[in-house]
Structures are given as structure tokens and as C-alpha cells.
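# Structural overview
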Amino acid sequence: MEMVLALLVSGVVVLLVLIGLFVFGLRRRLIQRSGGTFDCSLRWNVPEDVPLDGKGWVYGVARYNSDRIEWFRVFSYAYRPRRLLERASIEVLERRPPFGDEELALLSDAVVLICSHQGTRLELAMSEDALTGFLAWLEAAPPGQRVNVA
């Protein structure tokens, strides 16, 4: 009887893990369905004198949606974006390669973009291709909108 109970509990645990993985995959497909998405790690509210280490980075997916970027955490079940970045409020301050432990925390081909958004200093890490698209999107603001690209 104990063996049957152990097998049943093990089966339920495996089933729950599989359902969780399926929901992660389904959520990502739904986010990417409308197109215009790219892998983008984010470090929010970064002080200027922060040491260049791998702490604080959160892996995510960003999606273009009209005049804003919607940023979603990868390891979350939430369908709503965690952060919204308005194009008119994004100011690019600096671009740099990852240093030290950041190279372990970020994707292998990542470039770090230091930005300001409505007074909050943040860092975005993305591939060169995604960076090219992001900067083009920033510069393609409608006439009359200010664009701040360093």
C-alpha cells in the first residue's frame, strides 16, 4: 500500500512539473504572438556607483507595443508586463560590454545599455541585433517627440 501511495505522489509531482513547464512555454508563445519581441535582461533602479557585478540582473523578454516597450520576466506566470518603458521617456546614457561576473549573468553576446526612464536609472542587456532594432525604434519616434540617444 505504501508503494502505491509513493508512486501516486511521484506521478502527481511529475505531472505538476510538466504542467508548470507547459504553462511557461505557452505564456512565452502568447507574449511573442504579436511579434516584435527580443530577449532582454534588465537591472532596475541602478545607482551610479554600483560595482560591476552580476547581481540584480533579471532575465526577460521585451516586446514593442506602439510607443512603449513592455518587459516581461521569463520566470513568471504573469501575463502582464512587469515594466513599461515609454519611448519619449527613455534616455540612453551609455553603452558598454558586460564586465566581470556580468558575463556569467547575461547572455553570451549581450551588450549593456545604460538608460534613464522617468528619473530611474536602469540597464538593459541585449544582443547586438536587438540593440540595433531598439535604437532604430527609439529614433523612429513620431515628429515632435524628443529622442535622447547617446
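Residues numbered from 1 in each chain as written. Predicted model: local features only at pLDDT ≥ 70, side-chain atom pairs only at ≥ 80, totals over all residues. Heavy atoms only, no water.

### Overview of the UniProt feature "transmembrane region" (unreviewed entry) in the protein chain
The positions that UniProt labels "transmembrane region" (unreviewed entry) are, in the present scheme, residues 6-26. Secondary structure content for residues 6-26 is 100% helix and 0% strand, and the end C-alpha separation is 30 Å. (UniProt positions renumbered as here; feature names shortened; annotations may be inferred. Helix = DSSP H or I, 4+ residues; strand = E, 2+ residues; numbered from the N terminus.)

### What about the sheet that holds strand β5 (residues 83-86)?
Judged by pairing direction, the sheet is antiparallel, and its 4 strands sit side by side in the order β1-β3-β4-β5 without closing on themselves. Where the open sheet ends on each side, the last strands, each with one partner, are β1 (37-39) and β5. Going across the sheet, the axis of each strand differs from the next one's by a mean of 25°, ignoring polarity. Sheet topology note: the β1/strand β3 (residues 60-65) ladder contains 3 bridges and is antiparallel. Bridge pairing in β3 links T37 to R63. In the packing of helix α3 (residues 128-139) onto the sheet, the strands contacted are β1, β3, β4 (68-73) and β5, and the crossing angle to β3 comes to about 35°. (Pairing = 2+ DSSP bridges. Axes fitted to C-alpha atoms, helices over the stretch in contact; angles between N-to-C directions. Contact = heavy atoms within 4.5 Å.)

### Digging into the state of the cysteines
Taken as a whole and assessed by the stated rule, the structure comprises 0 disulfides. With no disulfide partner, C40 has as its closest neighbouring cysteine sulfur the one in C115, 8.9 Å distant. Among the residues examined, C115 registers a relative accessible area of 1% and is labelled buried. (Disulfide = S-S within 2.5 Å. Buried < 20%, exposed > 50% of the residue type's maximum accessible area, 1.4 Å probe, protein only.)

### Points about the pairing of β3
Bridge count between β3 and β4: 6 bridges; the pairing is antiparallel. Residue pairing across strands places V61 opposite F72, the latter belonging to β4. Between the antiparallel neighbours β3 and β4 lie 2 residues, among them S66 with a positive phi of about 60°.

### Some points on the sheet that holds strand β7 (residues 110-117)
Ordered in space as β2-β8-β7-β6, the 4 strands form an open sheet in which the pairing is antiparallel. Edge positions in the sheet fall to β2 (41-44) and β6 (90-96), since each of these pairs with one other strand and no more. Averaged over all pairs of adjacent strands, the angle between their axes in this sheet comes to 25°, without regard to strand direction.

### Description of the side chain of R87
Among the secondary structure elements, R87 is positioned in the loop between β5 and β6. Using a relative accessible area of 7% as the deciding quantity, one classes R87 as buried. A polar atom in the side chain of R87 sits 2.2 Å from the side chain of D67. (Polar contact = N/O pair within 3.5 Å; in protein donor to acceptor, adjacent residues only side chain to side chain.)

### Some details on unusual backbone geometry
Of note, the phi angle at N45 is positive, near 55°, even though the residue is not glycine. You can see N45 is positioned in the loop between β2 and β3. Unlike most non-glycine residues, S66 shows phi in positive territory, near 60°. On the accessibility criterion, S66 (60% relative accessible area) is exposed.

### Observations concerning the nonpolar core
F38, L113, L124, M126 and F134 are the most contacted members of the largest nonpolar core, which totals 21 residues. Looking at this core, the elements with two or more residues in it are β4, β6, β7, β8 (120-127) and α3. Other than its neighbours up to four places away in sequence, L113 contacts V92, E94, R95, L122, E123, L124, L131, F134 and L135. Judged by nonpolar contacts, the second largest core, of 6 residues, contains A110, V112, I114 and A125. (Core = buried A, V, L, I, M, F, W, Y, C linked by side-chain atoms within 4.5 Å.)

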